[in-house]
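# Close look at the chain arrangement
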Amino acid sequence: MDNTLLKQKVLEIESTAEVTEEKQYLTVNVQPTKLHALAKALKESKDTHFDYLFCLSGVDYGDSMGIVYHLESTDLKHEIVLKTKTTDRENPAFDTVCDIWSTAEFHEREVFDFFGIKFNNHPDLRRIFLEQNWKGFPLRKDYVDEINIIER
Amino acid sequence: MAEELFIKDIEEKEYTINMGPQHPSTHGVLRLVLSLKGEIVEKVEPHCGYIHRGIEKMCEKLTYQQIIHLTDRLDYLSALINNEAVCLTVEKAMEVEVPERVKYIRTIMDELTRIASHQLWWCTFGMDMGGLTCFFYGLRDREKILDIFEETIGARLILSYYCPGGLMNDIHPNFQQRVKDFIKYFRKKLPEYDQLLTGNVIMQERTKGIGYISKEDCISFGVTGPSGRGSNFACDVRKTHPYGMYDKVNFKEALRTEGDTFARYSVRMDEMWESMNIIEQLIDNIPEGDYCAKMKPIIKLPEGEYFQRVEACRGDLGLYIISRGEKYPYRFKLRSPNFSNLSGLHTMAKGQKIADLVAIGASLDYVIPDIDR
């Protein structure tokens, strides 16, 4: 399916989504509350069938926190990027997608570990790399690096 | 009586043991917490982070030329392929066309890396199954590739040979001849691997039908590379999103349908043959020309987002860069193949014996610094 058709399809499922054609991928900006339904529909619909989540990244945009989902369909060979963000830096929370793609379970734990973004309904949301009692979230831009791990 | 009760308890009640972080069969500092009933694995829970170095954070304060040297330290057995991910991203963003010569050399070097990595995997796979001889056979042949690297690059493991725009230096005059000699040599030696281990009855009994994962689970967990292809998941980035010379050479994507430990083993064995085929198609035709395109001394990626996928030795390596037009990346995210492959371990090992978990782990071929980054 080419980008024009994909764009139509996404807007059919979720009319509030903002769809833009970036240089590399078709990018969909969607509100956090609408994300889970859109992701589920994109995976389950036969024409889109995005079954492979090949990257899930947390991003600190400075004024907001966001998640970027890179999706691919292994049989239909098309790709799409879903983005969602929230301005709540104190308690950012999104719905988990690990019921849709199992790989998200580990990746969401990683995002929680480094950005402090919570995932509603995640089965086992703990830090995955750092110690459980680590203070702060290192990949945030406002993280204070007290013991000079990064700065020299 | 007391002893009988004790044995009954072990068979029926679930108990937890700790495997690692200092365990030889986890190939590094990976800790697995296992729930067992008797000998049967009920649950595998990986605990990562013992070698986490914060490479993603460090890269936010480094220039693109500097970042290359850190990517070697991810999956150190596919160091050059990791370098290539950064180089391709920068070249694509700066719209630099690299010389043909560079593409040829990079592809040859990538495939040499893949053979060397699979040789070491075969060594450790044999060793985990109790065959120490494998280790000597594999290292004997891997040494020859490392010698080729040493002659051209000056390093053997942490190579850092690619730079944005091309290569750090040209190949050594002996390079082509030595690679051809190696291929000739290794075509004779690879059947020895089959004679020693593949046909071994004990090895087959311990791997066939063990550690099954379905194609659907592979896609869902993002299990890629040879581990995914063992379950018939056609995920080879060299085929799906070609880079370098991969769209111009003929090679087969090694696929198996069984999805067990033996299938993952066979895929890697086939890949070594295919890598040799790729090198043979290119080695005589390296065009003359520059080994590096002209690049500005300070690289500033135009504002935007870039994603590059390459086929590392263990799967689909993704690199996601958000640039705000500065000389440092704003966000540098690595989608490491081992991290996703590890998430499928529980599905493969559930219901198997604890000794088989060691073989399943060996067939996944995880490199811990790539999981922890």
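All right, on to the packing of helix α7 (residues 175–198) of chain B against helix α12 (residues 261–283) of chain B then. All names here are of chain B. Between α7 and α12, the least distance of the axes is 11 Å, while the angle of their chain directions is 165°. The orientation of α7 with respect to α12, classified from their angle, is roughly antiparallel. When you trace α7 past α12, the crossing you get is left-handed. Residue-level inspection shows Q176, V179, K180, I183, F186, R187, L190 and T198 of α7 in contact with α12, the latter providing M269, M272, W273, M276, I279, E280 and I283. Residues belonging to the contact of α7 with α12 are distributed by class as follows: 10 nonpolar, two polar and three charged.

With that out of the way, let us pick up the pairing of strand β1 (residues 15–19) of chain B. All names here are of chain B. Within β1, only zero of the five residues are buried, which leaves it mostly out in the open. Bridge count for β1 against strand β2 (residues 31–37) is five bridges, and the pairing is antiparallel. Of the residues in β2, the one forming a bridge with I17 is L34.

Our focus in this paragraph is the sheet that holds strand β6 (residues 304–312) of chain B. Note on sheets: strands pair through backbone hydrogen bonds, and any given pair is parallel or antiparallel. All names here are of chain B. Reading across the sheet, the three strands line up as β6-β7-β8 and stay open at both edges, with antiparallel pairing between neighbours. Each having just a single partner strand, β6 and β8 (331–335) make up the two edges of the open sheet. The sheet shows a mean angle of 15° between the axes of neighbouring strands, taken without regard to direction. Relative to β8, strand β7 (residues 315–323) runs antiparallel, the two sharing five bridges. Across the sheet, I321 pairs through a bridge with F332, a residue of β8. Against the sheet, helix α4 (residues 79–94) engages β6 and β7, with an angle of about 145° to β6.

The next point concerns the pairing of β2(B). Consecutive side chains of a regular strand alternate in pointing toward one face of the sheet and then the other. Residue and element names in this part refer to chain B. Pairing analysis gives seven bridges linking β2 to strand β3 (residues 40–47), with the strands arranged antiparallel. Bridge assignment links V33 to a residue of β3, and that residue is E45. Linking two consecutive strands that pair antiparallel, namely β2 and β3, is a turn of two residues; a positive phi of about 65° is found at G38 within it.

Now for the packing of α4(B) against helix α5 (residues 100–128) of chain B. Residues and elements named next belong to chain B. Relative orientation of the contacting elements α4 and α5 amounts to 140°, with a least axis distance of 8 Å. Classified by the interaxial angle, the pair formed by α4 and α5 is oblique. In this structure, α4 contributes A79, L80, I81 and E84 to the contact, and α5 contributes R106, M109, D110 and T113. Classifying every residue of the contact of α4 with α5 gives four nonpolar, one polar and three charged.

Definitions and limits used
Residues numbered from 1 in each chain as written. Chains lettered and ligands numbered in written order. Predicted model: local features only at pLDDT ≥ 70, side-chain atom pairs only at ≥ 80, totals over all residues. Axes fitted to C-alpha atoms, helices over the stretch in contact; angles between N-to-C directions. Helix = DSSP H or I, 4+ residues; strand = E, 2+ residues; numbered from the N terminus. Parallel < 35°, antiparallel > 145°, perpendicular 65-115°, else oblique. Left-handed = near helix turned anticlockwise from the far one by under 90°. Contact = placed C-beta atoms within 7 Å. Nonpolar A, V, L, I, M, F, W, Y, C, P; charged D, E, K, R; others polar. Buried ≥ 20, exposed ≤ 12 C-beta atoms within 10 Å, placed from the backbone. Pairing = 2+ DSSP bridges.

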